Each structure stands twice: as structure tokens, then as C-alpha cells.
Amino acid sequence: MRVEQLMSKDVSSCDAEDPLNEAAAIMWERDCGAVPVVARSSEGRVVAMITDRDVCMAAYTTGRPLAGLHVYDAMSRALHTCTPGDTVADAEAIMRENQVRRLPVVDDAGNLAGILSLADLARAAEQQRGKRSPQIGEKEVTRLLEAISSPRAASPDPAS
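Residues numbered from 1 in each chain as written. Predicted model: local features only at pLDDT ≥ 70, side-chain atom pairs only at ≥ 80, totals over all residues. Heavy atoms only, no water.

Student: Even after reading the chapter, I still don't get the pattern of salt bridges, so can you show me in this structure?
Tutor: Pairing of side chains with opposite charge becomes possible as their charged atoms draw close. Inspection of the entire model under this criterion finds two salt bridges. Of the charged contacts in the structure, one is a salt bridge between Arg30 and Asp10, with a shortest N-O distance of 3.3 Å. Of this pair, Arg30 sits in helix H1 (residues 20-30) while Asp10 sits in the segment before strand S1 (14-15); the two residues are 20 residues apart in sequence, bridging distant segments of the chain. For Arg30, a relative accessible area of 34% puts it in the partly exposed group. Ionic pairing is found between Arg123 and Asp120, a salt bridge with its closest N-O pair at 2.7 Å. Placement of both Arg123 and Asp120 in helix H5 (residues 118-127) is noted, with a separation of three residues, approximately one turn of the helix. Since its relative accessible area comes to 6%, Asp120 is described here as buried. (Salt bridge = Lys/Arg side-chain N within 4 Å of Asp/Glu carboxyl O. Helix = DSSP H or I, 4+ residues; strand = E, 2+ residues; numbered from the N terminus. Buried < 20%, exposed > 50% of the residue type's maximum accessible area, 1.4 Å probe, protein only.)

Student: Looking at this structure, I do not really get the sheet that holds S1. What am I missing?
Tutor: Hydrogen bonds between backbone groups are what pair the strands of a sheet, and the pairing can be parallel or antiparallel. Taken together, the three strands give an open sheet; going across it, the order is S1-S2-S3, and neighbouring strands pair in mixed fashion. Of all the strands in the sheet, just S1 and strand S3 (45-51) have a single pairing partner and so form its edges. Relative to strand S2 (residues 34-39), S1 is paired through two bridges, and the arrangement is parallel. For Cys14, the partnering residue across the bridge sits in S2 and is Val37. (Pairing = 2+ DSSP bridges.)

Student: When you look at the pairing of S3 in this model, what are you seeing that I'm missing?
Tutor: Side-chain positions along a regular strand alternate between the two faces of the sheet. Both S2 and S3 contribute to a ladder of six bridges, which runs antiparallel. Its bridge partner lying in S3, Ala34 is registered against Thr51. Between S2 and S3, which pair antiparallel and follow one another directly, the connecting turn spans five residues, one of which, Glu43, has a positive phi of 60 degrees.

Now the structure itself:
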């Protein structure tokens, strides 16, 4: 099974220069926990991801309101992506290795084509439940969730 068969194609994005409250507004309006960050100056090339946790931690660690911060103040510097033609197994490996719940799906030029989430994989596994040879099984999704959710090394307390 290929990523393009499961990915969400109607994805909102923000620019690194946008005020952070705009990224939060997208998350609220779209009921999502992450938004791809694109470089509008380079015709939509994905440069980062920003999550609801990133937004909260930026506000907490700076003590500033979201309107006074930019997306670049909070976005993740590490970017992990996949392409529409990648296998779902390859995308799962990227998610597992990097402990991410969502992958921006990019075309050959690095432009946003969609997003693949753990929820997309879980829905596909549910749809295939009971099939003789499911392409995505519940066990794989469970193992992926466990790997993504495993604690990372402790970070220093930002208040100290």
C-alpha cells in the first residue's frame, strides 16, 4: 500500500514568518494537533512542522503572548517527510525512528502534497480488520504507537 492511498490531501499550512497565534488558529479550526510550515517564498516547500505542544512550550518558556511570537520561534527544526509513492511500511519506519505521529507528504520538489498521520493508519487498519491478508494490521499500528510513545531522554527543566 502506498502513502497516497491513505494521506489526507486537504491540509492547511502556515509560514515561518506568521504570528504563532495563526498556527494555533489553524489547529483550532481544523481540529488538528500539527501544521506543516511552508516557505511561501519558495512556492510552498515544506520546511518544518509545528505542533500544539510546540505552541504551548513557546508561550510557556518565553512568557509572551502568541501574537508576539512567530512560527519560527516554536517550529521543530528537524523535518521528517515521505512522498506519495512511498510504501506505508517505509512511512511507518520513519515515524517509528523519529517518534513522530504525523509526516508531511511532499512531492519531488519538496512541496506539500498532504499529510500522513497515525490516525490515518489506525483508520485503515480498522477498515481492513477481518480481511484475510490486511495490508495494514492492528498489530503494526499498535507497535507503531508504542514506539512513538516511548519516553525520550529527559529534557532539562526550562524553569531552571
